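Each chain, letter by letter, is given below.
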Protein chains: 2
Amino acid sequence: MQQPVTGKFGRLEKDLFEMSMESAHSLVKKYGDTIDLVMFANAFGGEYSGETGLNNRISSALFDDPVPSIRIENTSSSGATAIHVARSLVDSGSAHSILIIGSEKMTSVNTRKSSAIIASLLDPLERSAGLTLPSLAGFLANMYMRKYGASRESIAQVSVKNHRNAIHNENAHHMKSVSLSNVLASKTIASPLRLFEFCPISDGSVSLLISGDEDAASMSGKGIRIAGSAMSSGLTQISMREDILRLEVIERSSSAAMEQAGIAPKDIDFAELHDMASILEIVEAEAIGLFPRGSAWKEVLDGSMDPDGIMPVNVSGGLLARGHPIAATGLAQAHEAYVQLTGSAGPRQLKDPHYGLSVNMAGFGNSATCIAYEAN
Amino acid sequence: MQQPVTGKFGRLEKDLFEMSMESAHSLVKKYGDTIDLVMFANAFGGEYSGETGLNNRISSALFDDPVPSIRIENTSSSGATAIHVARSLVDSGSAHSILIIGSEKMTSVNTRKSSAIIASLLDPLERSAGLTLPSLAGFLANMYMRKYGASRESIAQVSVKNHRNAIHNENAHHMKSVSLSNVLASKTIASPLRLFEFCPISDGSVSLLISGDEDAASMSGKGIRIAGSAMSSGLTQISMREDILRLEVIERSSSAAMEQAGIAPKDIDFAELHDMASILEIVEAEAIGLFPRGSAWKEVLDGSMDPDGIMPVNVSGGLLARGHPIAATGLAQAHEAYVQLTGSAGPRQLKDPHYGLSVNMAGFGNSATCIAYEAN
């Protein structure tokens with residue numbers, strides 16, 4: 001994987017096309033000759049902006065000699081899904097070097113409309129019963145606290161940590177710390193979870209290249225290796241799951257990705273998890289096996305997931321503070337893995353990491369794509 | 001490629017999920033154990049039905065043990081694009097057998113809203129100038145007639161032929177013949193083209209399997225071989241193209257697909273082309289090289305593209321009469337190739353075909369995917 005480029009996440013002036021062009025531009029300028037496929041990861045361009053067919057429009061604007069393009073969509077994990085598919089296509093030799101552009105424009109509509117667009121990925125029966133993604137997160141938090149005796153503060157602390165991390169990420173939507181009391185005093189969204197415990201509504205775009213090993217060597221930039229990647233799908237109907245506290249798609253995709261990479265959780269030096277809501281970071285860390293089930297909340301309090309802890313999680317600021325422009329998120333996670341593993345993370349650089357892991361989740365555990373990254 | 005299953009195209013009672021389940025069900029029942037990836041080809045589920053994340057919902061409903069799923073989108077050529085990508089993934093060994101489900105539900109909104117959804121794939125500048133896909137087709141028809149002296153009747157005759165073919169296709173949206181005078185007397189949509197020269201607005205779903213050769217042998221059904229497949233992207237801005245009469249994406253994708261297959265246009269026994277409008281079938285046949293440029297309109301009049309002609313085109317009824325549920329179309333073309341090449345096309349069976357070619361186009365030549373099929 002080569003040279004991810006990310007723009008600032010947040011409420012942006014640029015439209016979906018412009019953001020995408022901006023993040024892809026320098027890569028095409030530098031590596032355009034090698035690129036033979038464009039993958040556009042985007043979940044909701046038609047719904048948010050009334051624009052479709054953007055993969056072709058972007059490709060035709062970026063290249064003098066047009067390059068075939070497709071759109072890959074898998075709701076919130078569209079970005080990592082594109083990486084996973086691109087990796088397979090490059091490994092197979094059916095593509096040489098793939099440009100992935102992951103973009104989402106979410107601030108073009110109001111919050112109410114945005115929430116409705118996102119809720120369209122829930123099972124219709126459960127949606128008609130009034131469920132939303134935030135309400136599911138609130139439900140999960142309650143279950144987790146009851147089952148494991150987790151403190152309310154431990155969950156809110158995830159948000160405090162990730163906002164603190166984002167101060168060192170100039171591309172983050174929110175570069176502002178929040179105190180525990182700030183979080184706990186913010187507006188209740190889905191009891192017990194509060195406003196600062198949910199990701200903001202963000203615009204953003206990230207581009208990167210997936211190339212074979214030979215390409216990587218011939219490129220002037222430093223690449224990192226995708227040591228493993230796997231997808232998993234699960235029951236969309238939350239009420240049909242045996243154990244809602246287990247995010248099985250993450251268990252399965254992460255164990256498959258780690259197996260491919262020949263590593264175990266103890267080998268991972270940092271993780272970028274899908275903290276759409278604070279509680280999810282805790283449950284995901286357990287699903288991967290970073291900590292035993294029911295224990296991750298204590299580790300948050302102990303600082304284990306801090307940048308200087310034993311298992312740094314969401315050093316980038318995560319979805320909570322970096323932002324979550326749906327299809328861009330998986331690629332932003334890859335960007336973080338890249339800068340950490342090439343030693344170019346600046347003020348948030350971890351000490352000599354060798355393996356990183358990212359989890360990008362669709363819906364509420366409907367699907368997940370897990371990628372294991374290795375320094376070259 | 002194995003066992004495509006298509007339901008009836010038309011104005012259906014079923015919703016997008018139900019149609020998809022119906023077309024995929026029998027394949028999963030028979031081959032479920034071998035399937036390790038689900039590709040859902042769908043262009044406008046969010047826009048037409050307010051439903052997203054359907055790839056996961058469908059996969060989770062079809063399989064006891066959930067299979068990873070992704071959505072592939074490339075506007076009108078989403079179906080063939082999925083075949084092309086699936087073929088690469090199977091060839092690479094990163095998937096064993098892929099279930100592709102291509103579905104579109106278009107009759108859930110009125111014609112005006114439907115037209116707006118489809119127009120969202122045009123370049124915004126050109127769209128704001130009032131261009132629509134039908135208006136572009138009318139423009140093309142005028143240019144073609146002027147440049148090559150084609151008769152108005154020759155273009156309308158494409159519609160007559162394809163409707164006549166569809167009488168033998170029980171899954172076609174319109175199983176009703178139209179006379180030349182019917183066509184020429186129907187409502188003007190985009191001068192000179194008339195209502196019966198445009199594809200109807202249809203619902204529909206098609207499913208099929210892409211498996212490696214070893215699988216194909218072990219399967220009880222008869223498979224056909226994808227001998228070549230290629231995608232091409234072109235300028236989305238029509239006004240920027242050097243020659244609007246040349247559909248360059250079709251020239252490039254078809255020559256690449258034929259090269260892979262080791263064949264020339266003369267080897268092709270039948271073609272399924274993207275006749276969103278009557279004139280497009282003529283121009284596409286020339287872009288592939290089935291007939292010299294500027295001559296295909298005469299061939300239509302001479303019956304060369306009839307089922308008993310030298311180069312049968314759209315024996316299925318094509319988009320004009322079979323219907324064009326956007327993402328399902330490329331898979332319906334594959335279905336036609338399958339039944340023809342396995343000798344199971346019933347009343348529309350051609351005599352011993354060995355090679356078939358399909359062209360599935362996105363937008364107005366923004367992109368195309370061409371597939372060459374070979375009998376086993």
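Residues numbered from 1 in each chain as written. Chains lettered and ligands numbered in written order. Predicted model: local features only at pLDDT ≥ 70, side-chain atom pairs only at ≥ 80, totals over all residues. Heavy atoms only, no water.

K.L.:
Please explain the sheet that holds strand β7 (residues 204-211) of chain B as it appears in this structure.
P.N.:
By definition, the strands of a sheet pair up through backbone hydrogen bonds, in either a parallel or an antiparallel sense. One open sheet accounts for ten strands, arranged β1(A)-β7(A)-β4(A)-β2(A)-β3(A)-β3(B)-β2(B)-β4(B)-β7(B)-β1(B); its pairing is mixed. Strands at the two margins of the open sheet, each flanked by one partner only, are β1 (2-6) of chain A together with β1 (2-6) of chain B. For this sheet, the mean inter-axis angle between neighbouring strands, taken without regard to orientation, is 20 degrees. As paired strands, β1(B) and β7(B) are joined by three bridges and run antiparallel to one another. Within β7(B), the position partnered with Val5(B) by the bridge is Ser207(B). Each of β1, β2 (37-41), β4 (97-104) and β7 (204-211) of chain A touches helix α1 (residues 16-31) of chain A; the most contacted strand, β7(A), lies at about 30 degrees to it. The strands that helix α3 (residues 54-62) of chain A touches are β2, β3 (69-73) and β4 of chain A together with β3 (69-73) of chain B; relative to β3(A), the one it contacts most, it runs at about 140 degrees. (Pairing = 2+ DSSP bridges. Helix = DSSP H or I, 4+ residues; strand = E, 2+ residues; numbered from the N terminus. Axes fitted to C-alpha atoms, helices over the stretch in contact; angles between N-to-C directions. Contact = heavy atoms within 4.5 Å.)

K.L.:
I'm lost on the sheet that holds strand β11 (residues 367-374) of chain A in this one. Help?
P.N.:
Residue and element names in this part refer to chain A. Read across the open sheet, the four strands follow the order β8-β11-β10-β9; overall the sheet is mixed. Lying at the two open borders of the sheet, with one neighbouring strand each, are β8 (225-233) and β9 (270-272). Sheet twist, expressed as the mean angle between neighbouring strand axes with direction ignored, is 15 degrees. Relative to β11, strand β10 (residues 355-362) runs antiparallel, the two being bridged by eight bridges. The residue of β11 that forms the bridge with Ala362 is Ser367. Contacts between helix α4 (residues 78-91) and the sheet are confined to β8, β10 and β11, with β8 contributing the most and set at about 120 degrees to the helix. Helix α11 (residues 248-261) contacts β8, β10 and β11 of the sheet and is inclined by roughly 150 degrees relative to β8.

K.L.:
I tried to follow the nonpolar core on my own but got confused; where do I start?
P.N.:
Most often, soluble globular proteins have nonpolar side chains that are buried together. In terms of nonpolar packing, the biggest core is built from 78 residues, with Met39(A), Ile83(A), Ile100(A), Met39(B), Ile83(B) and Ile100(B) touching the most fellow members. Here Met39(B) is in contact with Ile70(B), Ile72(B), Ala82(B), Val85(B), Ala86(B), Leu89(B), Ile98(B), Leu99(B), Ile100(B) and Ile101(B), once residues within four sequence places are set aside. Listed in part, the 67 residues of the second largest apolar core include Leu247(B), Ala271(B), Ile279(B) and Ile282(B). (Core = buried A, V, L, I, M, F, W, Y, C linked by side-chain atoms within 4.5 Å. Buried < 20%, exposed > 50% of the residue type's maximum accessible area, 1.4 Å probe, protein only.)

K.L.:
Explanation requested: the relation of the copies chain A and chain B in the structure shown.
P.N.:
Taken together, a rotation about one axis and a shift along it account for how the two chain copies relate. Taken as rigid bodies, chain A and chain B are interconverted by a rotation of 180 degrees and an axial shift of 0.0 Å, the fit giving an RMSD of 0.0 Å. When the rotation and shift are considered jointly, the pair of chain copies conforms to a two-fold rotation axis. Identified as the residue of chain A closest to the rotation axis by C-alpha distance is Ser92(A), at 2.1 Å. A symmetric contact is evident, with 100% of the interface residues of chain A recurring at the interface of chain B. (Least-squares fit on C-alpha atoms with pLDDT ≥ 70 in both.)

K.L.:
Hey, could you run me through the UniProt feature "domain: Thiolase C-terminal" (unreviewed entry) in chain A in this one?
P.N.:
The residues that UniProt annotates with the feature "domain: Thiolase C-terminal" (unreviewed entry) are residues 236-371 of chain A. With 37% helix and 12% strand, residues 236-371 of chain A has its two end C-alpha atoms placed 22 Å apart. (UniProt positions renumbered as here; feature names shortened; annotations may be inferred.)

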